[in-house]
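Breakdown of the fold
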Amino acid sequence: MATVVATVLQEERPDPALDPTAPAPRGRLARLASTRPDLLITLLLVAAVVLVQGLNIRNFPTVSDDEGTYLAQAWAIQHGHGLAHYSYWYDHPPLGWVQIAALSWIPALLWHGPLVVMNARVIMLPVSAAGSALVYLVARRIGLPRWSAALATVVFGLSPLSVTMQREIYLDNFAAVWMLGAFACALSPRKHLWHHIGAGVCAAVSVLSKETMVIAVPALLLALWRGSDKATRKFSLVGFLTAFGLLCAQYLLYATLKGELFPGPNHNSLIGAIEYQLGRGGSGDILRTGTVSNLTLHWWLVRDPLLIYTGAAASVLALAVRRLREVAVAGVLLIAVAFRPNGYLPAMYVIQVIPFMALAIAGVADAAVRGVLRLPLGRLARWHVTPRDVVAVLAIGLVGLAAPQWESGDETADTALSNDNYVAASNWIRANIPDPGHQRIVVDDAMWLDTVKDGFQPGLGAIWFYKVDLDPAVTKTLPHGWRDLDYVVLTSIIRQDPNGLPTVRAAIAHSTTVATFGTGDQQITIQKVNRDGSGQ
């Protein structure tokens, strides 16, 4: 191990391949390693990330309602139903699930399994591959050596928290990759105007994929300032802002042309959705035990405490290192938003922070190594201990600390079977509910596409449980309330919310369990609604 570390530290020395007297390396791999080492390293790292994330991707983690929602919205685009499977209410800009729709041909090539969300997760592998390659590229463009850039990529793609979150079909994964692309363009060594316009395009696509990614834009502007030539900087800034502004304005233009920019009777609106998002109840202080935000933080820490603690600390420390400042500012801004008093903190928010934490960790590690190499060792030199030996010992210690934690987390991700209950419930519905075209079944969005696939009418036959009480277009088709429903598939997602949904709650209260799958919090039951009023 010490030999490996010493070899890595010597990579900044002149490349022997550049010596005209050196013999030409044999074999394609050897020639690629000598002429394009960054490309070879990137390919190897991307392959490792895709392999670890791809193993068991269908079975872990448990499918979520958000994944089903984005897939259902992508399905609506593909089948000409508009931007959503119900009326589009500007919950998020639509570009994220437009990309999902564009990639949805990939699962059909590989699997035709029983649960749509499980099979569709494979579309996240090219997204993770692109993100890993861009982390390496950004690391190199902020001046990190190859070993440090590789470390950033490993942290980004192989942390147990990354493996879990980047497998899931979240808009945040698309937004993070596009923001990394924006940083790569802004820091391009060619300092070309078109690269800076490209940074504006990538940043706009990122924000239109998930609006909260706008938090990182000030850091991107700092990167653009550093990455542009002083003589042409004003043109670069104008080009960036024009591209970013024009693309983001399309969202406003869409709402305006539909007459849905401002709130009004009988229609959704962009301003109304923003007011709802800003006014929705927060999830509590992240540091206060028992709040939803604190539980979210605890869940992140269970998956990978090393990434969260060292990433947060490195983001702050990196502010003191000039060449790391842009990624540090992005990380600190995103972390600060998570610490808002009583702010809303969804579990997938961490996806946006991970790439900047990974870059900060690698950058601080590089700065620490450089510092150790400059240390006078005094008496230690008598025993032939060099600074490189000290770095090697420290590296071995850190790997020994992190490896068992990561090995355990990634093993769970690659072996657990978390979706068996959903598969069993979906199979039961398919086999035991006759004439689905004339039945009404209430499900969470993780199963909505499966029930549509089984023949239930999209929207009013297969009903996303929120819509039963909250969508007037659905409610008016239920003149007798819960008596107009036939089945409720009671999952942990629905159990968390029925108190705010009186019709769903009444349907569950007047129903009989006809099938049960699993136990505990993840139990799924099929409830047959009794229209005569009897129930549990």
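About the criteria used
Throughout this document, residue positions are counted from 1 along each chain, in the order its sequence is written. In keeping with the predicted nature of the model, local features appear solely for residues at pLDDT of at least 70, side-chain atom pairs appear and are counted solely at 80 or more, and the whole-chain, interface and lining totals rest on all residues. The basis for every side-chain value is the complete set of non-hydrogen atoms in the structure, without hydrogens or water. Helix and strand definitions here come from DSSP, where helices need a minimum of 4 consecutive H or I residues and strands a minimum of 2 consecutive E residues; each element is numbered from the N-terminal end. We compute the radius of gyration from the C-alpha atoms alone; for a globule the expected value is 2.2 Å times N to the 0.38, where N is the number of residues. Think of it in three bands: residues with accessible area under 20% of the maximum for their type are buried, residues over 50% are exposed, and the middle band is partly exposed, with areas taken using a 1.4 Å probe on protein chains only. Expected span, for any helix, means 1.5 Å times one less than how many residues it has. Fitting axes to the seven residues ending at a residue and to the seven starting there, one defines the bend at that residue as the angle between these axes. All the domain ranges listed were derived from an automatic or database domain assignment. Note on pairing: two strands pair once DSSP finds at least 2 bridges between them.

Regarding the overall build of the protein
Within the protein one finds 26 helices and five strands. In terms of overall size, the protein behaves like a compact globule, its C-alpha atoms giving a radius of gyration of 26 Å where 536 residues would be expected to give roughly 24 Å. Seen along its three principal axes, the alpha-carbon backbone of the protein occupies a region of about 90 × 50 × 50 Å. Buried residues in the protein amount to 50% of all 536 residues.

Examining helix 14 (residues 233–257)
For helix 14, built from 25 residues, the straight-helix expectation of 36 Å at 1.5 Å per residue is met to within 8% by its first-to-last C-alpha distance of 35 Å. Largest kink in helix 14: about 30 degrees, centred on Tyr251. All buried positions along helix 14 are accounted for by Arg233, Ser236, Gly239, Phe240, Ala243, Phe244, Cys248, Tyr251 and Ala255. Following helix 14 by one or two positions, Gly259 adopts a phi angle in the positive range, close to 70 degrees.

Observations concerning the domain arrangement of the protein
Under the domain assignment used here, the protein contains domain 1 (34–62 + 122–415) and domain 2 (419–529). The gap between the C-alpha centroids of domain 1 and domain 2 is 37 Å.

Examining the pairing of strand 5 (residues 524–529)
Note on strand geometry: in a regular strand, side chains alternate between the two faces of the sheet. Burial of strand 5 is extensive: five of the six residues sit out of reach of the surface. Bridging between strand 3 (residues 487–490) and strand 5 involves four bridges; their strand directions are antiparallel. Residue Val488 lies in a different strand from strand 5, and its bridge partner there is Gln527. Here six bridges tie strand 4 (residues 511–517) to strand 5, and the two strands are oriented antiparallel to one another. When the sheet's bridge partners are listed, Thr512 is paired in strand 5 with Lys528. Hairpin geometry of strand 4 and strand 5 is characterised by an intervening segment of six residues between the two adjacent antiparallel strands and by a positive phi of about 80 degrees at Gly518.

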